[in-house]
Amino acid sequence: MRHRLLMLVSMAAVALAGAAVAGQAPAPAPFKPPATTYTPPKTPWGDPDLQGVWDNHSNVPMERPKNVGDRKTYTDEEIRARNNRNNEPLCNTNDERCAKATVAELDRLRAYNSFWTPNDNVYDNRTALIEDPADGRIPPMTPRAIEIQRAHTKAHPPTNGGDNDAPEIRHWTDYDLAERCIAAQVPTTTMGYNSAQYLMQSPGWVMLAHERLNTRIIPLDGRPHLPGTMGEWMGSSRGRWEGNTLVVETQSFTDKQSGGSVGAFADAGIPFTNFRTVEYFVPVAPNRIHYYVTVNDPTTWTRPWTFMQPWEKDRQLEYSDNIGTVTTEPYQIYEYACHEGNNTVGNSMRGTIAARQREANRQPDALVTRSLLGKSEAEVRQMFGAPTEIGGPRWTYSTSNGILLLFVFFEDGKVVRVRPEDLPLTDVVRTR
Amino acid sequence: MRKEWGRFLTRIALASGAALALMATVPTAAHAQAAIPRTSWDKKPDLNGIWQAMNTANWDLEDHPGGPSPVFVTGVWGARLPGLSVVDGGKIPYKPEALAKREQNRKNALTGKPGRNLDADPELNCFLPGVPRATYLPHPFQIFQSPNRLWMVYEFSYARREIFMNGKEEAPIDSWMGWSNARWDGDTLVIEVTGQNDQTWFDRAGNYHSDALKVVERYTMIDRDHITYEATIDDPNVFTRPWKITMPLYRRIEKNAQLLEFRCQEYVEEFFYGEFVSPPRE
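Note that this is a predicted model, so its numbers are computed, not measured.

Quick notes on the rules
- Residues numbered from 1 in each chain as written.
- Chains lettered and ligands numbered in written order.
- Predicted model: local features only at pLDDT ≥ 70, side-chain atom pairs only at ≥ 80, totals over all residues.
- Heavy atoms only, no water.
- Helix = DSSP H or I, 4+ residues; strand = E, 2+ residues; numbered from the N terminus.
- Buried < 20%, exposed > 50% of the residue type's maximum accessible area, 1.4 Å probe, protein only.
- Contact = heavy atoms within 4.5 Å.
- Areas by Shrake-Rupley, 256 points an atom, 1.4 Å probe, with all protein chains shown as cover.
- Buried area = accessible area lost by both parts, 1.4 Å probe.
- Salt bridge = Lys/Arg side-chain N within 4 Å of Asp/Glu carboxyl O.
- Nonpolar A, V, L, I, M, F, W, Y, C, P; charged D, E, K, R; others polar.
- 1 Å grid on protein atoms, 1.4 Å probe; cavity = no way out; pocket = protein on both sides within 12 Å on 5 of 7 lines; lining within 4 Å.
- Points joined across faces, edges and corners; volume = space filled by probe spheres on them.
- Pairing = 2+ DSSP bridges.
- Axes fitted to C-alpha atoms, helices over the stretch in contact; angles between N-to-C directions.
- pLDDT = per-residue confidence, 0-100.
- Phe/Tyr/Trp six-rings, centres within 6.5 Å; stacked < 30°, edge-to-face > 60°.
- Disulfide = S-S within 2.5 Å.

(A) Representation of the overall build of chain A within the structure. A count of helices and strands for chain A gives eight helices and 16 strands. The 432 residues of chain A split such that 45% are buried. Here the analysis covers contacts within chain A between residues at least 6 apart in sequence; of these, 59% occur between residues at least 24 apart. Entry remark: accessible area of chain A is about 22000 Å², with carbon and sulfur atoms responsible for 55%.

(B) Up close: the overall build of chain B. Along chain B, the regular secondary structure elements total five helices and nine strands. Taking the intrachain contacts of chain B between residues at least 6 apart in sequence as the baseline, contacts between residues at least 24 apart amount to 57%. Counting every atom, chain B has about 14200 Å² of accessible surface; 58% of that belongs to carbon and sulfur.

(C) Seen up close, the interface of chain A and chain B. Across the boundary between the two partners, chain A contributes 52 residues, which contact 50 residues of chain B. Contact between chain A and chain B buries roughly 4400 Å² in total, counting both sides, with carbon and sulfur atoms accounting for 55%. Of all residues in chain A, the largest losses of buried area upon contact with chain B belong to Trp172, His339 and Glu340 of chain A, amounting jointly to 16% of the total for that side. Applying the counting criterion to the chain A and chain B interface returns two salt bridges. The residue Glu269 of chain B makes a salt bridge to Arg180 of chain A at a minimum N-O spacing of 2.7 Å. Broken down by secondary-structure element, the contributors of at least two residues to the side of chain A that touches chain B are β3 (196-202), β4 (205-210), β5 (215-219) and α6 (344-360) of chain A. Tallied by class, the residues present in the side of chain A that touches chain B amount to 24 nonpolar, 15 polar and 13 charged.

(D) Fine view of the layout of surface pockets. Residues and elements named next belong to chain B. Of the volumes computed, that of the second largest pocket is approximately 1000 Å³. Looking at the second largest pocket, it is lined by 33 residues, and the ones nearest its centre are Trp59, Pro70, Leu110, Leu124 and Arg204. For the lining of the second largest pocket, the secondary-structure elements that each account for two or more residues are α2 (96-108) and α4 (264-267). Among the residues making up the lining of the second largest pocket, the classes are represented as 18 nonpolar, seven polar and eight charged.

(E) View of the sheet that holds strand β4 (residues 160-165) of chain B. Residues and elements named next belong to chain B. Read once around its circumference, the closed barrel built from nine strands follows the order β1-β2-β3-β4-β5-β6-β7-β8-β9, with strand pairing classed as mixed. Averaged over all pairs of adjacent strands, the angle between strand axes in this sheet comes to 30 degrees, irrespective of strand direction. Here strand β1 (residues 49-53) runs beside strand β9 (residues 243-251); their pairing, made up of three bridges, is antiparallel. Directly across from Trp51, in β9, lies its bridge partner Arg251.

(F) The arrangement of the confidence of the model for chain A in detail. Overall, the predicted model of chain A reaches an average pLDDT of 85, with 82% of residues at or above 70. Segment residues 1-23 of chain A: pLDDT under 50, and one contact once partners within four positions in sequence are set aside and those in other chains are kept.

(G) Up close: the packing of aromatic side chains. All names here are of chain A. A full pass over the atoms with the stated rule returns 34 aromatic pairs over all chains. For the ring pair Phe281 and Tyr291, a centre distance of 5.0 Å and an interplane angle of 55 degrees mean the geometry is tilted. Note that Phe281 is positioned in strand β8 (residues 276-285) and Tyr291 in strand β9 (residues 288-296), a separation of 10 residues in sequence. Summarising the burial analysis for this pair, Phe281 and Tyr291 share the class buried.

(H) Representation of empty space enclosed by the protein in the model. All told, the structure shown has one cavity of 30 Å³ or more when counted by the stated rule. Approximately 190 Å³ is the volume attributed to the largest cavity. Together, 16 residues line the largest cavity, and Ile217, Glu232 and Gly235 of chain A together with Tyr158 and Leu259 of chain B are the ones closest to its centre. Of all the elements in the fold, those that place two or more residues in the lining of the largest cavity are β5 and β6 (236-242) of chain A. A per-element tally of the lining of the largest cavity places β5 of chain A first, with four residues. Its residues placed into classes, the lining of the largest cavity shows eight nonpolar, five polar and three charged.

(I) Main features of the pairing of strand β6 (residues 188-194) of chain B. Residues and elements named next belong to chain B. By the criterion of burial, β6 is predominantly enclosed, with five of the seven residues buried. Across seven bridges, the pairing between strand β5 (residues 179-185) and β6 is antiparallel. Opposite Ser180, over in β6, you have Val193 as the bridge partner. As judged from the six bridges shared by β6 and strand β7 (residues 214-223), these two strands associate in the antiparallel manner.

(J) Molecular detail of the sheet that holds strand β14 (residues 394-398) of chain A. Residue and element names in this part refer to chain A. Strand order across the open sheet formed by four strands is β13-β14-β15-β16, with antiparallel pairing between neighbours. In this open sheet, the two strands that pair with only one neighbour each are β13 (389-391) and β16 (414-419). Direction aside, neighbouring strands of the sheet carry axes that sit 25 degrees apart on average. Of the pairings in the sheet, the one linking β14 to strand β15 (residues 404-411) comprises five bridges and is antiparallel in character. In the strand pairing of β15, Tyr397 is matched with Leu406. Against the sheet, helix α7 (residues 377-384) contacts β13, β14, β15 and β16, and its axis sits at roughly 5 degrees relative to β14.

(K) Representation of the pattern of salt bridges in the model. Tallied over the entire structure, the rule returns 37 salt bridges over all chains. For Arg133 of chain B, the salt bridge goes to Glu123 of chain B, with nearest N and O atoms at 2.8 Å. In this pair, Arg133 of chain B sits in helix α3 (residues 133-136) while Glu123 of chain B sits in the loop between α2 and α3, placing the two residues 10 residues apart along the sequence. Each of the two residues, Arg133 of chain B as well as Glu123 of chain B, counts as buried. A single network of salt bridges, built from pairs that share partners, joins Arg362, Asp365, Arg370, Arg419 and Glu421 of chain A.

(L) Region of interest: the state of the cysteines. Tallied over the entire structure, the rule returns two disulfides over all chains. What pairs with Cys181 of chain A in a disulfide is Cys338 of chain A, and their sulfur atoms sit 2.0 Å apart. Around the S-S axis, the bridge from Cys181 of chain A to Cys338 of chain A shows a dihedral of about -65 degrees and counts as left-handed. Taken together, the residues Cys181 of chain A in the loop between α5 (143-155) and β3 and Cys338 of chain A in the loop between β12 (326-330) and α6 connect sequence positions 157 residues apart. Grouping residues by exposure puts Cys181 of chain A and Cys338 of chain A together as buried. Across the disulfide from Cys126 of chain B sits Cys264 of chain B; the S-S distance is 2.1 Å.

This is the structure:
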């Protein structure tokens, strides 16, 4: 008995010594959300009542941008400037790229994205979503995780670059799980558009119906998690009330689940296999939840980290029609039916087959539309006549019976881009 | 004489019908009074729980004998399970031209070729099932009920419906699962479902509808663990009159009952896209 005790003590001493030798910082205290004085109404069965449609549209980045130093919040003027920047010229897909974009590039980004991406965000004056660690940055990844992510990125180059130079799609798994209409990441951050969820409660259960893709059913009765062998795309979530805060622990993700995709908090190529997440739904005002997520996975990050996003309930959304009449409606969750209309995956794969065939029959550059690069507006006009349509920097040529042939993009009076690049010039002339 | 005889027979039929009805309803009504769970807030039947139909209506709403699998390599795994009609009166009252379309659907139900096939049974493609088919797919579904709020979530593809209690708004646009407005009729939950598109079928046997479909569902708890489910189907483009299906729903009473992930989108990827895979570049 005494011998065993001695052994345990000496083992602990060795472990401590090891830590000291390696120079590791002591493990940070587990994150706890700050206390709040707000008391929400109760359901008839006595749980805090958080039911309704919760909006989490946001343009606050996950990590604190380097240029704000250690400031945690923006001033209201800075937020106004940021929102104006987002509105005109509109570009809110990716801050860094927008900041560097030329007017022509902004126009191209705007053509697709402005319709989808609302600027009507839930108020949040912070510079980053990350609350812990205090520097607002995701902690360093482990060497093992870096290796896995590097291999993944090599095998699956990012497809969602928002421009026309996406890599080949050879296989459906070149797309992420959301593009395949399977699921979004859980837990979920902002989804870009339709980023809201219905929180429904019944005795012993919480159900979260995200407008896009996910339906999460969370039992509150203390039942065990699904075993890892039953791994699910959304993991296995179990919830409980701690005071007025809903605490949900999730684990047992399928090993097919990996980062990236809409609502992603983890980058592409990070496997979810060992993730354990804790979500805290903290009601702080009648229409506001502070939604904290602690991510634990010692095989991926050197320490746990926590981000927070404010959710706003039952928002009134403004819609203006093209004559400027503004109407207001409460946020309603509609059917998303992603898979039913998903022609993207199949068409992209067929596109790869077609592109490879074209490549095999490739003609010399001088004979195809690639040769237009650098030419002036007058030269293009001389070759093909007046364009069918001019939209900003983009000229469109169609066949005489209206079939789209060619886009030519100008910057400073010269062709900077042409799509497709390998159309024989004679085909353009012949069919016009 | 013949007339008399006929009247006599009718009287017997009526009397025995009434007796049967008494036998059927009296114990049930008494049972219901005693045993159905009720909500604490409005004393209405408490439908919260995980439910499942236990029948083979998804194969065919009408009578269907057992049969071999339509795909021989799946052997008896894929065999058609026998079942009696869940349609009141047995047959669906198709218009003649609509019946021809049903027969055509039946031939196309199991496509012989890969790819998204819009002529095939939508279940084959993992498309959202619509109402009432979602109810009797061979999967459980969960009802979430709280004051003035009601949701149903189905295990199949996580299909789901927000159900508007005392809702008056009409469907703003057609969708796969439709627009559900509900009210209580005594102890029966009545849901009117409109705004369903014309892409869903009722079963694997090609029974179908147009976008004029209107479904009225009735959920009546008959005891703690059973609901009588009725759905009246009205679609003047396809049927000569409204018709009704009736079936019990059973509570999943396992302690660990829960919906598990059935993300069938993933299960059809090879089927949809397998023929378009390109080899890696050399």
